[in-house]
Amino acid sequence: MAYLAQVDLEHRMTAQRVLALYDDENTGTVNAAALAAVLQEASNLVDGHIARSYTGTFPMPSPPPVLCKSAATLYAIAMSVERDHAYVAKYGEKHTLDMRKEAEKMCEKSAAGLLKLVDAPPPTAGTTLTGGLVISSGPQLTAVDGVSNTGDY
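Residues numbered from 1 in each chain as written. Predicted model: local features only at pLDDT ≥ 70, side-chain atom pairs only at ≥ 80, totals over all residues. Heavy atoms only, no water.

Topic: the nonpolar core
In terms of nonpolar packing, the biggest core is built from 31 residues, with Leu9, Met13, Tyr22, Val46 and Ala76 touching the most fellow members. Breaking this core down by element, the ones donating at least two residues are helix 1 (6-13), helix 2 (15-22), helix 3 (32-53), helix 4 (65-82) and helix 6 (94-111). Looking at this core, the element that brings in the most residues is helix 4, giving 11 residues. Contact partners of alanine 76, with chain neighbours within four places excluded, come to Leu4, Leu9, Val38, Leu39 and Ala42. (Core = buried A, V, L, I, M, F, W, Y, C linked by side-chain atoms within 4.5 Å. Buried < 20%, exposed > 50% of the residue type's maximum accessible area, 1.4 Å probe, protein only. Helix = DSSP H or I, 4+ residues; strand = E, 2+ residues; numbered from the N terminus. Contact = heavy atoms within 4.5 Å.)

Dropping the structure here:
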């Protein structure tokens, strides 16, 4: 299942950056086939990591699309930036590997039921609201808006 489209990546990286990364022929247009392949591979990685971590039958009856999209976006950004050899030479591969690890963590915790979307209830005593996440005194960490996608989930 494809979780991303070109516009999703453009929202995160800007249309100009996507064009710079995927204008393989210097024509001023995105190489649509190359971009589609990266978006599909990112979605496949999400499905693979969820399948590996999920203990129920796969595909999940109702996979959390916002979380899948967030994880797929991290994978797609990492793979896209890896196309820029000057970027990799300047910053090394650690930055993209870190993005991939964050995506893997999101998938594993989502599959384990430790990270899931909820209707945002009003905060109660013993609960703090930080960065789009509700952190309660219990062991479960719950993403409220699916926007926050970095940090220790």
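There is more to say after this.
A word on helix 4
Here helix 4 contains 18 residues, and its C-alpha end-to-end distance of 25 Å stays within 8% of the 26 Å for a straight helix at 1.5 Å per residue. Judged by how many residues are buried, helix 4 sits mostly within the fold: 14 of 18 residues are covered. (Expected span 1.5 Å × (residues − 1).)

As for the pattern of salt bridges
For the structure on display, the rule yields six salt bridges. Salt-bridge contacts for arginine 83 lead to aspartate 24; the nearest nitrogen and oxygen are separated by 2.4 Å. Residue arginine 83 is found in the loop between helix 4 and helix 5 (85-91), and its partner aspartate 24 is found in the loop between helix 2 and helix 3; the two are separated by 59 residues along the sequence. Since its relative accessible area comes to 29%, arginine 83 is described here as partly exposed. (Salt bridge = Lys/Arg side-chain N within 4 Å of Asp/Glu carboxyl O.)

Observations regarding the environment of glutamate 10
Here glutamate 10 lies in helix 1. With residues near it in sequence (within four places) discarded, glutamate 10 still touches Ala15 and Val18.

A look at the confidence of the model for the protein
Residue-level pLDDT values for the protein average 75, and 66% of them are 70 or greater. Note that pLDDT drops below 50 for residues 127-153; the model gives that stretch 61 contacts with residues more than four away or on any other chain. (pLDDT = per-residue confidence, 0-100.)

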